[in-house]
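# Overview (structure and organization)
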Amino acid sequence: MTPRLAHIPTLETERLTFRAPEASDFEAFKAFALSKRATFVGGGPDKDVGYAWRVLATITGHWHLRGFGCFAVVRKDTGGVVGTMGPWRPEPYPENEFSWTVWDETAEGKGFAFEAMTAIRRYAYTALGWTTAVSNIDATNTRSVALATRLGCVIDADARGPHPDDVVYRHPSAAEVLA
């Protein structure tokens, strides 16, 4: 039996399904978390399997503690997990964030993250009642900066992220997105 977190909704777009993270996602997550690509989110080749497990458990547990969290984003055509994306606010984050990590390097550049975050942002603004949110991005993470820009985000020089090197990107408001 595979345990399921029953309160986590399943959402869909044309190419993607958003669902609760599952234990079966661990191998794909581990490959990402222990790679150089994960250095922007605290992972990397200097980490171990225990680190990867704890982070996936944190992503999953966030749903229990906050009632919302990052979805596992799954391609409908292959069943492969693209990554995790969603509404996020761990301690000590000063405000609600939209987070995204693309685990599968072969999924980059295909518009999956844009498609997912557009739908997830709409979900957070409607189902969760959020009115605004940010994304905290390392200034050297050019792919995330490009996605934030494509999503209509602008740098909020007055906001502070949880890490000193973060640049805070402000998403368009709920009123703008839902208009």
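In short, a report on the structure. (Residues numbered from 1 in each chain as written. Predicted model: local features only at pLDDT ≥ 70, side-chain atom pairs only at ≥ 80, totals over all residues. Heavy atoms only, no water.)

### Overview of the nonpolar core
The cut-off we apply is this: Definition used in this section: a nonpolar core is a set of buried Ala, Val, Leu, Ile, Met, Phe, Trp, Tyr and Cys residues joined via side-chain atoms within 4.5 Å. Burial here depends on accessible area, computed with a 1.4 Å probe over protein chains only, as a share of the maximum for the residue type. Under 20% is buried, over 50% is exposed, and the range in between is partly exposed. Strands are runs of DSSP state E lasting at least two residues, helices are runs of H or I lasting at least four, and both sets are numbered from the N terminus onward. Here, two residues are considered to be in contact whenever any of their heavy atoms come within 4.5 Å of each other.
Grouped together as the largest cluster of nonpolar side chains are 34 residues, with contacts concentrated most on Phe18, Phe71, Val82, Met85 and Trp100. When residues of this core are traced back to their parent elements, those giving at least two are strand E2 (16–19), strand E3 (71–75), strand E4 (81–88), strand E5 (97–102), helix H3 (112–126), helix H4 (142–150) and helix H5 (174–178). Not counting residues up to four positions away in its chain, the partners in contact with Phe18 are Pro9, Thr10, Leu11, Glu12, Thr13, Phe71, Ala72, Val73, Ala116, Ala119 and Ile120. Judged by nonpolar contacts, the second largest core, of 15 residues, contains Ala38, Ile59, Trp88 and Tyr93.

### Some remarks on the packing of aromatic side chains
Here is the rule: Planes of paired rings set the category: under 30 degrees apart is stacked, over 60 is edge-to-face and the rest tilted, where pairs are Phe, Tyr or Trp rings (Trp by its six-membered ring) whose centres lie within 6.5 Å. The rule is short: NZ of Lys or CZ of Arg within 6 Å of the ring centre and within 35 degrees of the ring normal puts a charge over the ring.
On inspection of all chains with the given rule, the structure shows nine aromatic pairs. Three or more aromatic residues joined by ring pairs form one cluster here, namely Phe18, Trp63, Phe71 and Tyr123. For Lys47, the ring lying beneath its charged end belongs to Tyr51, and the centroid distance is 5.4 Å. One cation-aromatic arrangement involves Arg150 over Phe114; the distance from NZ or CZ to the ring centre is 3.8 Å.

### With respect to H4
Just so we agree on the cut-off: Each C-beta atom gives one direction from the helix axis, and the arc is the one those directions make.
Among all positions in H4, only Ser144, Val145, Leu147 and Ala148 are buried. Here the buried residues of H4 occupy an arc of 160 degrees about the axis, which is enough to place them on one side. Facing away from the buried side of H4, by more than 90 degrees, are the exposed residues Thr142 and Arg150. For H4, the elements touching its buried residues are E5, H3, strand E6 (134–138) and strand E8 (166–170). Positive backbone phi, approximately 90 degrees, marks Gly152, located one or two places after H4.

### A look at the pairing of E5
Test applied: At least two DSSP bridges between two strands are required for those strands to pair.
In terms of burial, E5 is largely enclosed, as six of its six residues are buried. Burial of E5 is two-sided: the residues Glu97, Ser99 and Thr101 facing one way and the residues Phe98, Trp100 and Val102 facing the other way are all buried. Where E4 and E5 come together, six bridges link them in antiparallel fashion. Within E5, the position partnered with Met85 by the bridge is Trp100.

### Quick word on the environment of Tyr125
Within the secondary structure layout, Tyr125 lies in helix H3. Owing to a relative accessible area of 4%, Tyr125 belongs among the buried residues under this scheme. Distance from Tyr125 to Lys30, taken between C-alpha atoms, is 31 Å for residues 95 residues apart in sequence. Contact partners of Tyr125, with chain neighbours within four places excluded, come to Phe98, Trp130, Thr131, Thr132, Ala133, His171, Pro172, Ser173, Ala174, Val177 and Leu178.

### Here's the deal with the pairing of E6
Regular strands have side chains that alternate between both faces of the sheet. Burial analysis of E6 places four of its five residues in the buried class, which makes it a mostly covered element. Sheet analysis places E6 next to E8, joined by five bridges and oriented antiparallel. From the neighbouring strand, Asn136 faces E8, where its bridge partner is Val168.

### Looking at the pattern of salt bridges
Going by this rule: Note on definitions: salt bridges are taken to be side-chain nitrogens of Lys or Arg within 4 Å of carboxyl oxygens of Asp or Glu.
Throughout the structure, instances matching the rule amount to 11 salt bridges. The partner of Asp25 in a salt bridge is Arg19, and the shortest N-O contact between them spans 2.7 Å. Take Asp25 and Arg19: they sit in the same class, and that class is buried. Arg75 is the salt-bridge partner of Asp77, the closest N and O atoms lying 2.9 Å from each other. Note on Arg75: relative accessible area 14%, which makes it buried. A cluster of three or more residues bridged by salt bridges with shared partners is formed by Arg19, Glu22 and Asp25.

### With respect to H3
We count it as follows: In a helix, the anticipated span is given by 1.5 Å times the number of residues less one.
The end-to-end C-alpha separation of H3 is 21 Å, in line with the 21 Å expected for 15 residues at 1.5 Å each. When we look at burial in H3, the residues that qualify are Phe112, Ala113, Glu115, Ala116, Met117, Ile120, Arg121, Tyr123, Ala124 and Tyr125.

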